[in-house]
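Chain by chain, the residues:
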Amino acid sequence: MSLGKVAGVPVHVSPSWFVIAAVITVWFAPLVRRELPDLEAATYLVTFAFAVLLYGSVLLHEVSHALTARGFGLPVRGITLHFLGGYTEIERESPTPGRDLAVSAAGPTVSLAVGGLAMLVSIPVEQGVAEFLLFELAAANLIVGVFNLLPALPLDGGHMLRAAVWRITGDENRGTVVAARAGQVLAGLVLLAPFVLSGGRPTIIGVVWSALVAMVLWNGASQALAVGRVRSRLPRLDLQRITRRAAPVAPDVPLAEALRQASAAGVRALVVVDSAGRPTGLVSEASVTATPEDRRPWVPVGQVSRSLDAGLVLPLNLTGEELLHRIRSAPASEYLVVDQDGKIYGVLATSDVDAALATA
C-alpha cells in the first residue's frame, strides 16, 4: 500500500504491518493495564497508538538512509515498512566505503536521537498516557538503534563493518563476506537467546519472535553472500567473450534462409537491417524456437524480430556493474552490441549473461 512520498521518496507499507500492529496492540495491553489501570477500554487505543508511533520512528530511520543516499547522488527507489521494521531500496551500491559508512550510520543515529529526545521530553510530562507513550517510544528507539549497530549484515552495523573492512583491505567483497558471516552467527545467537535468558524455560512468544528475527537475519546475510559472489565476478564480465556474433539479414528474407546463412557464416544470431545496412531489429531466439521447421520457409524474418529501441543498443566497451545497470534499465532477451565505430558487433543474450555470472 502506498503512503505517498516523504521528501520525494515513495513510501509503501506491507500488509504484514497490520498483523504486527495487531500483535503489539494486544501484547502490550497487560503492561498498559498495570501502569494505567484507569484506562479500561481505552487500553487498546493506547497500545495501538504506540504501534503507530513506533513505526513512525522506523519511517524516520529509513528516511534518514534515503536522504543521505540521495545526498551522495545515489538514486532511491522507495521505502517499505514491514512487520519487522523497514528497508530503503537504493538502486546501486555506494562507490566508496566512506559513503557506504555514512549511509548506513544515518539510520541508527536518527533512532538513538529520537529515543534520547523522547526520554528528555518525558521527564517533565506528568500526564499518564503521554508519559507512558513517550517512555516506551524512547525505550523502543534506543533498543532499535543499539540493535541496528550490531556489526552483522543485514543490520546497519553490518554495512558499517563491511565498509570498514573494505576501507582497510581495499576489497569490497571481503567486507561483504566478513559482515555476512557475522550476520549468520548473530542469527544463531538470536535463536538461542530466549533459552539462555530464561534459564532453559522460554515462553512460546519469545521462541516465535526470536525465530522470526533469526530467520530475517539469516536470509539477509545469506543473500548478501550470494550478491557478493556475483559482484566479485562482475569485473570478469567481458562483452567480447559472451556476445554472439551476428549476421545481418533483410526483414523479408524467409526465416529458413536466414538461419541457413547464419549457419554458413558460423554465427549464432541475426540482426535485421534496412536497405542501407542499418540495424532495425533483433531476431528473437525464443520466437525462432517456437516456429515449427515446416513453416520457417514461409515466415519472413521480420515476423520473429523485435524493433531496435535505443535501450537495446550496447557499446562493446561496457563492463561489469555498468553493463548490468544498462540491462536492468531496459529488460529484454537480446541486445545489439556495437563497436566503437557504431558498427554491428553481435547480439548479447540475457541468458548468456546469467551463465557468465554463474560460471565466471
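We now turn to the structure provided with this report. Computed from a prediction, not measured in an experiment: that's the story for all the values here.

### Describing the sheet that holds strand 4 (residues 85–90)
Strands pair in a sheet through their backbones, by hydrogen bonds, and they do so in one of two ways: parallel or antiparallel.
Inference 1: With mixed pairing, the four strands of this open sheet are ordered in space as 1-2-3-4. The open sheet has two edge strands, strand 1 (2–6) and strand 4, and neither has a second partner. Adjacent strand axes in the sheet meet at a mean angle of 20 degrees when their direction is disregarded.
Inference 2: As paired elements, strand 1 and strand 2 (residues 9–13) share four bridges and run antiparallel to each other. From the neighbouring strand, Lys5 faces strand 2, where its bridge partner is Pro10.

### Quick look at a nonpolar patch on the surface
Inference 1: On the surface, Val19, Val23, Trp27, Ile205 and Trp209 cluster together into a nonpolar patch covering about 460 Å² of accessible area.
Inference 2: Counting only elements with at least two residues in the nonpolar patch, the list comes to helix 1 (16–27) and helix 8 (204–233).
Inference 3: Sort the elements by how many residues they give to the nonpolar patch and helix 1 lands first, with three residues.
Inference 4: Within the secondary structure layout, Val19 lies in helix 1.
Inference 5: The class for Val19 is exposed, based on a relative accessible area of 54%.

### Section: the pairing of strand 7 (residues 279–283)
Inference 1: Note: strand 6 (residues 269–273) against strand 7, three bridges, orientation antiparallel. Bridge pairing links Val272 to Gly281 in strand 7.
Inference 2: Joining the antiparallel neighbours strand 6 and strand 7 is a turn of five residues, in which Gly277 adopts a positive phi near 85 degrees.
Inference 3: Pairing of strand 7 with strand 8 (residues 305–307) involves three bridges; the strand directions are antiparallel.

### Re helix 8
Inference 1: With 30 residues, helix 8 ought to run about 44 Å at 1.5 Å a step, and its terminal C-alpha atoms sit 44 Å apart, in line with that.
Inference 2: Buried residues along helix 8 sit against helix 5 (128–148) and helix 7 (172–197).
Inference 3: Taking the backbone nitrogen of Gly206 as reference, a side-chain oxygen 3.0 Å away marks Thr203 as the first, capping residue of helix 8.

The rules behind the values
Residues numbered from 1 in each chain as written. Predicted model: local features only at pLDDT ≥ 70, side-chain atom pairs only at ≥ 80, totals over all residues. Heavy atoms only, no water. Pairing = 2+ DSSP bridges. Helix = DSSP H or I, 4+ residues; strand = E, 2+ residues; numbered from the N terminus. Axes fitted to C-alpha atoms, helices over the stretch in contact; angles between N-to-C directions. Patch = residues over 30% accessible without salt bridge, like charges linked within 9 Å, V, L, I, M, F, W, Y side chains within 5 Å. Areas by Shrake-Rupley, 256 points an atom, 1.4 Å probe, with all protein chains shown as cover. Salt bridge = Lys/Arg side-chain N within 4 Å of Asp/Glu carboxyl O. Buried < 20%, exposed > 50% of the residue type's maximum accessible area, 1.4 Å probe, protein only. Expected span 1.5 Å × (residues − 1). Contact = heavy atoms within 4.5 Å. Polar contact = N/O pair within 3.5 Å; in protein donor to acceptor, adjacent residues only side chain to side chain.

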